[in-house]
Each structure stands twice: as C-alpha cells, then as structure tokens.
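# Structural overview for review
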Amino acid sequence: MSEQEQLFKVLLEELQGLKTNFATELHGIKSNMATKKDTELINSKLDKLSGKIDAQHIENINADNRLLNEIQDLKKGVLFVNRKNS
C-alpha cells in the first residue's frame, strides 16, 4: 500500500469517527428537544393552572373580606371597661 493510500485510509477512519460522534450528539439533542406540540401542551396546562390559581386567589380575598367584616362587627359589640379606676 502506498503512503498516499495509507493517508487516505487514516483520513477515512477519522471522518467515520467524526460522523459517529456527530450522529450520537445529534440523537442526544433531538431526544432533549421539545417539539412544537410539546410546547403547546405545556402552555395549555400552564394557562389552565393560572386560571385555577386566579380563581382560588379571588376566593381567598373574598373569604378574608368576610372575616374582616365579622371581626369589625364583633369589635362594635365589645365594651372596654377600665377596672383600674374602680
């Protein structure tokens, strides 16, 4: 085998190794990449969750307002008596 053929053989082996490494990396990238369908599904779930959280937040605010109203009504019925001066 001539020196030139040996160089071509070495070069071919290096290129095949690079091709294998590239294919492996590309497969890894594809397996970790989200598709458009995946992102649409995630966005849909986030929108639903956001709606539920907003509704729960409004319910909590309403409950807090009712409690504050009840406390204010109770405060009106309390009479402070200063027993130190008696």
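Anyway, here's the lowdown on the structure attached to this text. Bear in mind that the values here come from a model prediction, so they are computed numbers and not experimental data.

This part covers the overall build of the chain. Along the backbone of the chain there are two helices and zero strands. Rg of the C-alpha trace for the chain: 37 Å, well past the compact-globule value of 12 Å for 86 residues, more than 25% over. Out of the 86 residues in the chain, the part that is buried amounts to 0%. Put simply, the chain shows about 8,800 Å² of open surface, and 59% of that area lies on carbon and sulfur atoms. Side-chain charges of the chain comprise 13 positive and 13 negative groups, with the mean position of each set lying 15 Å from the other.

Together, Phe 8, Leu 11, Leu 15 and Leu 18 give the surface a local cluster of nonpolar side chains, amounting to about 430 Å² of exposed area. Inspection of the secondary structure assignment puts Phe 8 in helix H1 (residues 3-32).

Rules behind the numbers
- Residues numbered from 1 in each chain as written.
- Predicted model: local features only at pLDDT ≥ 70, side-chain atom pairs only at ≥ 80, totals over all residues.
- Heavy atoms only, no water.
- Helix = DSSP H or I, 4+ residues; strand = E, 2+ residues; numbered from the N terminus.
- Rg over C-alpha atoms; globule rule 2.2 N^0.38 Å.
- Buried < 20%, exposed > 50% of the residue type's maximum accessible area, 1.4 Å probe, protein only.
- Areas by Shrake-Rupley, 256 points an atom, 1.4 Å probe, with all protein chains shown as cover.
- Lys, Arg positive; Asp, Glu negative; His and termini not counted.
- Charge placed at Lys NZ, Arg CZ, Asp CG, Glu CD.
- Patch = residues over 30% accessible without salt bridge, like charges linked within 9 Å, V, L, I, M, F, W, Y side chains within 5 Å.
- Salt bridge = Lys/Arg side-chain N within 4 Å of Asp/Glu carboxyl O.

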